[in-house]
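Residue strings, one per chain:
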Amino acid sequence: MSKMFSQAKLKKSFIRLSLAVAVGVCAAGASQAADTPVTIGISGWTGFAPLTLADKAGIFKKNGLDVTLKRVPQQSRHLAIASGDLQCAATTVETYLSWNAAGVAVKQIVQLDKSYGADGIAVRQGINKISDLKGKTIGVDAPGTSSYFLLAWMLDKNGMSMKDVKVATMGPDAAAHAFIAGQNDAAVSYEPYLSSIRQSPDKGKILATTLDYPMVMDTLGCTPDFLAKNPKAAQALVNSYFEALAMIKREPDKANDIMGAAVKETGKQFAEEASYLRWQDLDQNRKFFGGEITSFSKEAATLLTQMKILRKTPDYAAVFDPQFVANATVTP
């Protein structure tokens, strides 16, 4: 009798345990389902690394987001947005003008970085000024990318245009590798790939960077549909970015190790490359959305129109939404 009672008690305990496990699994599933899914298109550009940190350090998850960071070439990111594969993307400010002109509406919600020498053009010895590039072959990314725009901007500031050079179309990493291998007269690239050229002085030199031509700045943008349906998630994205910056300031070694690992580098290597840019904090963001974004977009639109990438003056107010920066909070 005692044995039968023990077996019955054991069976009841097992049932209770099973129910507890089942409830726990369901609760976990419900919690996970509550996280808003969002896929963000990025590249290996150093300026986007705080987004990687927010992902790997669990900041997005803590703030109620189920984020997938997807590597998509810059010239294809708007196509991925149009197809629904991406809800958001990180790219340069002027790129949103061409995306919206192409019928792919995306609104910028937070400024990520400004390049301070992280983008530039490398040249062979003997090429000493921008005008020396006339007739030279330059490895540069496709039209509609930041690298192509940077080259056009530099040429324009020196009384030249893309018609004055020969273009070998290749991505920033391929352009840097090809240059080191002895191909082409010049290469337009950015970090971390530009540092590989810096470390190969026998192959050439850096002619000009965004220290000389400060015009590369990146933002995170999302589709109007995503923002309308998920305003809390959009706010969480912006808050998570600032929280990642706080972690970089609070735990630089740990943060650099995490961000470096994402591009197969040590934390020390990553920190060196990151020194060529400035991630933008909340105060800088509020200044940017308070007027800088409009003034720069107007100047960029003039050049894009000359390049026939834009056919008409864009609606500048349609390419950004300042409310998420205005309402952002910073976690120390």
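The coordinates are above.
Bear in mind the structure is a predicted one, so any value in this text is a computation, not a measurement. The numbering scheme is per chain: residues are counted from 1 as the chain's sequence reads. The predicted origin of the model limits local features to residues at a pLDDT of at least 70 and limits the giving and counting of side-chain atom pairs to 80 or more, whereas totals for whole chains, interfaces and linings rest on all residues. Side-chain measures were taken over the full set of non-hydrogen atoms in the model, leaving aside hydrogen atoms and water.

A.B. asks: What exactly am I supposed to notice about the overall build of the protein here?
C.D. replies: A count of helices and strands for the protein gives 14 helices and eleven strands. Throughout, a contact is declared for two residues whenever any of their heavy atoms are within 4.5 Å. Contacts in the protein between residues at least 24 apart in sequence constitute 81% of all its contacts with a sequence separation of at least 6. Total accessible area on the protein stands at roughly 15600 Å², and carbon and sulfur atoms take up 55% of it. Helix and strand labels come from DSSP, where a helix needs a run of H or I of at least four residues and a strand needs a run of E of at least two; each type is numbered from the N terminus. Computed with a 1.4 Å probe, the accessible areas rest on the Shrake-Rupley method; for each residue, only the protein chains presented here act as cover.

A.B. asks: Would you explain the state of the cysteines in this entry?
C.D. replies: By definition, disulfides here are pairs of cysteine sulfur atoms that lie within 2.5 Å. One pass over the full model with this rule turns up one disulfide. Between the sulfur of Cys-88 and that of Cys-222 lies a disulfide, 2.2 Å long from S to S. Taking the sign of the S-S torsion, about 100 degrees here, the bridge from Cys-88 to Cys-222 comes out right-handed. Of the two residues, Cys-88 sits in strand β3 (residues 88-92) while Cys-222 sits in strand β10 (residues 217-222), which places them 134 residues apart along the sequence. The same class applies to Cys-88 and to Cys-222, which are both buried. The cut-offs for exposure are 20% and 50% of the maximum accessible area for each residue type, with area from a 1.4 Å probe on protein chains only; residues under the lower value are buried, those over the upper are exposed, and the others partly exposed.

A.B. asks: Can you walk me through the sheet that holds strand β7 (residues 166-169) in this structure?
C.D. replies: Two strands in a sheet stick together by hydrogen bonds in their backbones, pointing the same way (parallel) or opposite ways (antiparallel). Strands pair, by our definition, only if DSSP identifies at least two bridges between them. Taken in spatial order, the five strands make up an open sheet running β7-β6-β8-β5-β9, and their pairing is mixed. On the outer flanks of this sheet lie β7 and β9 (205-209), each paired with one strand and no other. Across this sheet, the average inter-strand angle for adjacent strands is 30 degrees, counted without regard to direction. By the bridge criterion, four bridges tie strand β6 (residues 137-140) to β7 in an arrangement that is parallel. Across the sheet, Gly-139 pairs through a bridge with Ala-168, a residue of β7. The strands touched by helix α7 (residues 172-180) are β5 (119-123), β6 and β8 (186-190); relative to β8, the strand with the most contacts, the crossing angle is about 135 degrees. Axis definition: a line fitted to C-alpha atoms, over the contacting stretch in the case of helices. Angles run 0 to 180 degrees between N-to-C directions.

A.B. asks: In this structure, what is going on with the nonpolar core? I would like to understand it.
C.D. replies: If you look at soluble globular proteins, the nonpolar side chains tend to sit buried side by side. In terms of nonpolar packing, the biggest core is built from 95 residues, with Val-110, Ile-121, Ile-130, Leu-133, Ile-138, Leu-237 and Trp-279 touching the most fellow members. Top element by residues in this core is helix α10 (residues 231-250). It accounts for eleven residues. Once you skip the residues sitting within four places of it in the chain, Ile-130 turns out to touch Met-154, Leu-155, Asn-158, Met-160, Leu-207, Ala-208 and Tyr-213. Membership of the second largest hydrophobic core comes to ten residues, among which are Ala-122, Ala-168, Ala-175 and Ala-178. Definition used in this section: a nonpolar core is a set of buried Ala, Val, Leu, Ile, Met, Phe, Trp, Tyr and Cys residues joined via side-chain atoms within 4.5 Å.

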